[in-house]
Amino acid sequence: MQFDTLIIGGGAAGLSCALILGSGLSKPFAKGKNVAIITHQKSSHLQNALFNNVLGLQPGTLGKDLLNEGKQQLTSLYPEVLQIDNEKAQEIRETKTGFEVTTNKNTYTTTRVVVAVGYTNLLFIKGLEQFIKPHPKAAIEKDRIWLENTDHLIKENLYVAGTLAGWRSQFAIASGSGAHVGTDILTLWNNGKHTKVHDKA
């Protein structure tokens, strides 16, 4: 199956991006577009997180619960966004028409990719090596990395979101980064007209 956009990572940034894109799929400019997300979460920093300082979240919310709730929210609101569970991305290869993403189980073809995994130096996705640099907003001793980008764009149709895009490790920042990428892709779908989706009653 050929995707328009494939998101790698089911943490704050990846799920936020998927929700934004899902909310836009019903718009006329998105006709024929399809989106998938590889919802791998085991390495997400949210697994051990506790939230007291995030707007809209009940103090004491656990990150592991938020991860599960995020997947459920995506399923409930935008079931047309395909969630690929129990797979981990291993390689991104550029093709003439986009990219091939190989996991431990399958290979997917897609026009564009959003990389939204954590910012540790344990990133083992082949094809990204040339973009890896020391993280500009993390303590040196933590040995964190980022994928060098300009406004979330690594190269044409290859995006990065969240801490791996160079942002600090805060839930609200990572979520906003994923939403930012989502609206950039909506804008592409809408022929360059700046686009966002607001929910209204």
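In this report, the structure presented in the accompanying data block is examined. (Residues numbered from 1 in each chain as written. Predicted model: local features only at pLDDT ≥ 70, side-chain atom pairs only at ≥ 80, totals over all residues. Heavy atoms only, no water.)

Brief notes about the overall build of the protein
Here is step 1 of the chain: Tallying secondary structure elements over the protein gives three helices and twelve strands in all.
Here is step 2 of the chain: The C-alpha atoms of the protein give a radius of gyration of 16 Å, which matches the 17 Å a tight globule of 201 residues would have.
Here is step 3 of the chain: Dimensions of the protein, computed from C-alpha atoms along their principal axes, come out at roughly 45 × 45 × 35 Å.
Here is step 4 of the chain: A burial count over the protein gives 49% of its 201 residues as buried.
Here is step 5 of the chain: For the protein, contacts bridging at least 24 residues in sequence account for 60% of all contacts bridging at least 6.
Here is step 6 of the chain: Split by element, the accessible area of the protein, about 10,900 Å² in all, is 51% carbon and sulfur. (Helix = DSSP H or I, 4+ residues; strand = E, 2+ residues; numbered from the N terminus. Rg over C-alpha atoms; globule rule 2.2 N^0.38 Å. Buried < 20%, exposed > 50% of the residue type's maximum accessible area, 1.4 Å probe, protein only. Contact = heavy atoms within 4.5 Å. Areas by Shrake-Rupley, 256 points an atom, 1.4 Å probe, with all protein chains shown as cover.)

Here's the deal with unusual backbone geometry
Here is step 1 of the chain: Non-glycine residue D143 carries a positive phi angle of around 55 degrees.
Here is step 2 of the chain: Along the chain, D143 falls in the loop between β9 (132–134) and β10 (145–147).
Here is step 3 of the chain: If you check the backbone angles, N191 has positive phi at about 55 degrees while not being a glycine.
Here is step 4 of the chain: By the element assignment, N191 lies in the segment after α3 (171–189).

A look at the packing of helix α1 (residues 12–24) against helix α2 (residues 63–77)
Here is step 1 of the chain: Contact pair α1 / α2: the axes reach a minimum separation of 10 Å and the direction vectors enclose 15 degrees. It follows that α1 is roughly parallel to α2 by the angle criterion. At the point where α1 passes α2, the crossing takes the left-handed sense. Contacts from L15, A18 and L19 in α1 reach L67, G70, K71, Q73 and L74 in α2.
Here is step 2 of the chain: For the contact of α1 with α2, a count of residues per class yields five nonpolar, two polar and one charged. (Axes fitted to C-alpha atoms, helices over the stretch in contact; angles between N-to-C directions. Parallel < 35°, antiparallel > 145°, perpendicular 65-115°, else oblique. Left-handed = near helix turned anticlockwise from the far one by under 90°. Nonpolar A, V, L, I, M, F, W, Y, C, P; charged D, E, K, R; others polar.)

Describing the environment of I84
Here is step 1 of the chain: Assignment of secondary structure puts I84 in strand β5 (residues 82–84).
Here is step 2 of the chain: What makes I84 buried here is its relative accessible area of 5%.
Here is step 3 of the chain: As for I84 and V115, which are separated by 31 residues in sequence, their C-alpha atoms are 15 Å apart.

A look at the packing of aromatic side chains
Here is step 1 of the chain: Using the criterion set out here, one finds two aromatic pairs in the structure.
Here is step 2 of the chain: Judged by centre distance (6.1 Å) and plane angle (45 degrees), the rings of F3 and Y108 are tilted. Here Y108 lies in strand β8 (residues 107–115) and F3 lies in strand β1 (residues 2–8), a separation of 105 residues in the sequence. For the pair F3 and Y108, a shared accessibility class is recorded, and that class is buried.
Here is step 3 of the chain: Ring geometry for F51 versus F171: centroids 5.0 Å apart, planes at 55 degrees, classification tilted. Placement of F51 in strand β3 (residues 50–51) and of F171 in helix α3 is noted, with a sequence separation of 120 residues between them. (Phe/Tyr/Trp six-rings, centres within 6.5 Å; stacked < 30°, edge-to-face > 60°.)

Quick look at the nonpolar core
Here is step 1 of the chain: Counting 26 residues, the largest nonpolar core has I92, L128 and L147 as the members making the most contacts within it.
Here is step 2 of the chain: Those elements that provide at least two residues to this core are β1, β2 (35–38), β6 (89–94), β7 (99–103), β8, β10 and β12 (158–160).
Here is step 3 of the chain: Non-local contacts of I92, meaning those with residues more than four positions away in its chain, are made with I8, F99, E100, V101, V113, V115, I125, K126, G127 and L128.
Here is step 4 of the chain: Within the second largest apolar cluster, 24 residues are counted, among which are I7, A30, A116 and V181. (Core = buried A, V, L, I, M, F, W, Y, C linked by side-chain atoms within 4.5 Å.)

Observations concerning the environment of D184
Here is step 1 of the chain: Mapped onto the elements of the fold, D184 is located in helix α3.
Here is step 2 of the chain: Through-space distance from the C-alpha of D184 to that of Y159 is 9.8 Å; in sequence the pair is 25 residues apart.
Here is step 3 of the chain: In this structure D184 touches D151 and Y159, once residues within four positions along its chain are discounted.

These values are about where atoms sit, not about what they do.
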